[in-house]
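Residue strings, one per chain:
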Amino acid sequence: MSRGRIAFQGELGANSHEACVAAFPDLEPAPYPTFEEAFEAVRSGACRLGMIPVENSIAGRVADVHHLLPSSGLKITGERFKPIHFQLMANPGVTLEDVKTVASMPIALAQCRKTVRRLKLKTEAVGDTAGAAKALAEHPDPTRAAIAPALAAEIYGLDILARDIEDEHHNTTRFLIMTAEKAPAPPPFTQPCITSFTFKVRNLPAALYKAMGGFATNGVNISKLESYMEDGAWTATMFYAEADGRPEDRGLARAFEELGFFAEKFEILGVYPADPFRTRG
């Protein structure tokens, strides 16, 4: 078992790699091709932690992650907000005028839509931003470019043709830090916290409205509420939610007690410090 690694989805040089280095410089970033494999690396003990992107301020939530998160068996121990900057890169010696096609992850292409349209480039969707850079380095082509973080250009020996091409400067991705520990140490009481949890509403009229009522009457802010299907069944709607505070806080404890009358399969996925970016971003 290695206790010095942190798992992420993608190739070396991805935004997730940069997030790992920034948050945990003492851990070795460990790339995995899929989110499922990254989760499994943490669950099996091959990695101490996982750095998983869950949503972007422009493109919305990251596909698959919210479906995998509740069933992962992992706990959330932290969050990180990372400003995202994308670079247009190509093989050494290539110019902007040479490039006809650009490859990247669909979410990255969406975040750079204006620049891609202005340059009249064809797009090619691939599984990972840094993977596009790696493929270009392995198979040089003067008509192709990749959209990836600056770290990818450094790792794969590519030239940056245009810097910070994201459409919006407030482009930010939120990451969750995952652990296989069943009962991770709670954060200090001096820190504002977030509690993530899942639940399924009972088959009663206005059940969701009633389930959420306890949070309103007890003054608890719900910062996220998203639905997803359980095992593909349309009648088994589950909810992933995030609330300000920690379960032992008086207001949140009462809200959870009231939630129990109208919901089932309630599970707390994590209690963790709120990233300061929430108040300054």
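Our subject is the structure listed above.
Residues numbered from 1 in each chain as written. Predicted model: local features only at pLDDT ≥ 70, side-chain atom pairs only at ≥ 80, totals over all residues. Heavy atoms only, no water.

A. Expanded view of the sheet that holds strand β7 (residues 101-104). Sheet architecture is open: 5 strands sit in the order β8-β7-β9-β6-β10, paired in mixed fashion. The open sheet is flanked by β8 (122-125) and β10 (159-162), the only strands paired with a single partner. Within the sheet, the average angular offset between the axes of one strand and its neighbour, ignoring direction, is 35°. Judged from the 3 bridges that link them, strand β6 (residues 87-90) and strand β9 (residues 144-148) form a sheet pairing that is antiparallel. Looking at β9, one finds that M89 is bridged to A146. In the packing of helix α6 (residues 129-138) onto the sheet, contacts are made with β6, β7 and β9, and the angle to β9 comes to roughly 150°. (Pairing = 2+ DSSP bridges. Helix = DSSP H or I, 4+ residues; strand = E, 2+ residues; numbered from the N terminus. Axes fitted to C-alpha atoms, helices over the stretch in contact; angles between N-to-C directions. Contact = heavy atoms within 4.5 Å.)

B. Summary view of the environment of V62. Along the chain, the position of V62 falls in the loop between β4 (60-61) and α3 (65-68). A sequence separation of 10 residues divides V62 from I52, and the C-alpha atoms of the two residues are 9.5 Å apart.

C. Representation of the pattern of salt bridges in the model. One pass over the full model with this rule turns up 15 salt bridges. The residue K114 makes a salt bridge to E168 at a minimum N-O spacing of 3.7 Å. On the criterion of sequence distance, the pair formed by K114 in helix α5 (residues 113-118) and E168 in the loop between β10 and β11 (172-179) is long-range, its members being 54 residues apart. Connected through shared salt-bridge partners, E55, R61, E79, R174, K224, E226, E242 and R278 make up one network. (Salt bridge = Lys/Arg side-chain N within 4 Å of Asp/Glu carboxyl O.)

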